[in-house]
Amino acid sequence: MEKEGLKRSLALLGAHGVNLDCIVTNRHPQIQKFLRELNITQFYDVWHVEKGVSEKLEKISKDKECKQLKKWLHSIKKHIYWTAASSTTGAERVAKWTSIVDHVQDIHTHNNPIFPNCLHPERISRDKSKWLTPGTPAFYELNKVLTNRRVLEDVEKLNPHHQTSSVEAFHSVSLRFAPKNIVFNFLGRLCRLYLSAMHFNENADHPQATSAGDLAFKVKSHRAKKGECTVEPVKTEQTFNYIDDLMNLLFDHVAKDPAPYFSEVLTIPIP
């Protein structure tokens, strides 16, 4: 389904004269093969790569011989985002990513000339126990995950500028208008998707709210992240001006002469 949706999207863009420089997706194998055959440059969304690595490391850290890894899970998550944001080439991304294998051993100079030194200032750690020792199960398992060939290929393709989060946010909105567990006919689902697109477009970039003249923020806890909290901006209330526009169109034009609109609907091809 994902491949078919991408094929139709690319065909629609091509029909409107849009030339792709690159595309950012998740790591779906069929999508990789399809884009490779079309010779389209593909980048990966950072969140999907980070999620895959983090899930593996969290599972490993539950082993009593590898519980030391728990102290590094959060840092490794941040490191992958920093790697993507601060690099301009695939080789640089890989060099920065693999540098953490040295870093967790309290080694901050690296053999890779692309990234020979950690950029953080020198400091004396208060927690000596966090450093990993080569030959231990914790270091072996960590090194195995971080330097896995598939992971390195994924890191090389991380996109520093664009992510899939806005598309996933739209999908979340569309599910409110057209839930998957309810069967609609084609036109019914299409109309609901149009409504979700109008709602999303109107509210996607609504501004941050203020409180006493200052920008408003909130602390949000994440149950899936075991109580980890983040600070997020508070957005202004959603607006529904598109409904007024639709009502004006309906009563000022469609209701007066519905035949042309009905005929236009019948020309919509059903996939």
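Here goes a summary of the coordinates provided. Starting afresh in each chain, residues are numbered from 1 along the sequence in its written order. In keeping with the model being predicted, local features are shown solely for residues with a pLDDT of at least 70 and side-chain atom pairs are shown and tallied solely at 80 or more, while totals for entire chains, interfaces and linings include all residues. The basis for the side-chain values is all heavy atoms of the structure; hydrogens and waters are excluded.

**Some thoughts on the pattern of salt bridges**
No. 1: By salt bridge we mean one thing: a side-chain nitrogen of Lys or Arg within 4 Å of a carboxyl oxygen of Asp or Glu. In this structure the tally under the stated criterion is 8 salt bridges.
No. 2: The residue D154 makes a salt bridge to R27 at a minimum N-O spacing of 2.7 Å. With a gap of 127 residues between them, D154 in helix α7 (residues 149-156) and R27 in the loop between β1 (23-25) and α2 (29-37) connect regions that are remote in the sequence.
No. 3: Bridged by salt links that share partners, the residues R27, R150 and D154 form one connected network. Segments assigned H or I by DSSP are reported as helices when at least four residues long, segments assigned E as strands when at least two residues long, and all are numbered from the N terminus.

**A short note on the nonpolar core**
No. 1: The term nonpolar core refers to a set of buried residues drawn from Ala, Val, Leu, Ile, Met, Phe, Trp, Tyr and Cys, joined through side-chain atoms within 4.5 Å. Categorising residues by exposure relies on relative accessible area from a 1.4 Å probe, with only protein chains included: less than 20% of the type maximum marks a residue as buried, more than 50% marks it as exposed, and the intermediate range marks it as partly exposed. Counting 27 residues, the largest nonpolar core has L57, I76, W97, L132, L142 and L146 as the members making the most contacts within it.
No. 2: Elements with a contribution of two residues or more to this core: α3 (46-61), α4 (73-86), α5 (90-103), α6 (137-146) and α7.
No. 3: Note on definitions: a residue-residue contact is assigned when non-hydrogen atoms from the two residues lie within 4.5 Å. Residues contacting L142, with those up to four places away along its chain left out, are L57, L69, I76, V104 and L132.
No. 4: Ranked by size, the runner-up nonpolar core spans 6 residues in total, among them L6, L10, I23 and F34.

**Considerations on the environment of F184**
No. 1: With respect to the helices, strands and loops of the structure, F184 is situated in the loop between α8 (165-177) and α9 (186-203).
No. 2: When the C-alpha atoms of F184 and G14 are compared, they prove to be 29 Å apart, with 170 residues separating the residues in sequence.
No. 3: If we ignore the near neighbours within four places in the chain, the residues touching F184 are A178, P179, R189 and R192.

**Comments concerning the side chain of S196**
No. 1: The residue S196 is located in helix α9 in this model.
No. 2: The class of S196 is buried, set by a relative accessible area of 0%.

**Let's talk about the layout of surface pockets**
No. 1: Reported here for the largest pocket is a volume of approximately 1900 Å³.
No. 2: Of the two site types, the cavity is a set of points on a 1 Å grid over the protein atoms alone where a 1.4 Å probe fits but cannot get out, and the pocket is an open set with protein on both sides within 12 Å along at least five of seven lines, each lined by residues with an atom within 4 Å of a point. Along its surface, the largest pocket is lined by 37 residues, and M1, G5, L6, S9 and H171 are the ones closest to its centre.
No. 3: If you tally residues by element for the lining of the largest pocket, the top one is helix α1 (residues 2-15), at 8 residues.
No. 4: Here the term charged refers only to Asp, Glu, Lys and Arg, the term nonpolar to Ala, Val, Leu, Ile, Met, Phe, Trp, Tyr, Cys and Pro, and the term polar to all other amino acids, Gly among them. Split by residue class, the lining of the largest pocket holds 21 nonpolar, 10 polar and 6 charged. Grid points are joined across faces, edges and corners, and a volume is the space filled by probe spheres set on the points.

**Re the packing of aromatic side chains**
No. 1: Aromatic rings from Phe, Tyr and Trp, taking only the six-membered ring of Trp, are treated as a pair when their centres fall within 6.5 Å; an angle between ring planes under 30 degrees marks them as stacked, one over 60 as edge-to-face, and anything in between as tilted. Enumeration over the complete set of coordinates arrives at 3 aromatic pairs.
No. 2: Ring geometry for W72 versus W131: centroids 5.7 Å apart, planes at 45°, classification tilted. One end of the pair, W72, is in the loop between α3 and α4; the other, W131, is in the loop between α5 and α6, and 59 residues separate them in sequence.
No. 3: The class for W72 is buried, based on a relative accessible area of 4%.
No. 4: Whether a charge sits over a ring comes down to the Lys NZ or Arg CZ being within 6 Å of the ring centre and within 35 degrees of the ring normal. Across from the ring centre of W82, 4.8 Å away, lies the NZ or CZ of K96, which sits over that ring.
No. 5: When the ring centre of W131 is taken as reference, the NZ or CZ atom of K130 above it lies at 4.9 Å.

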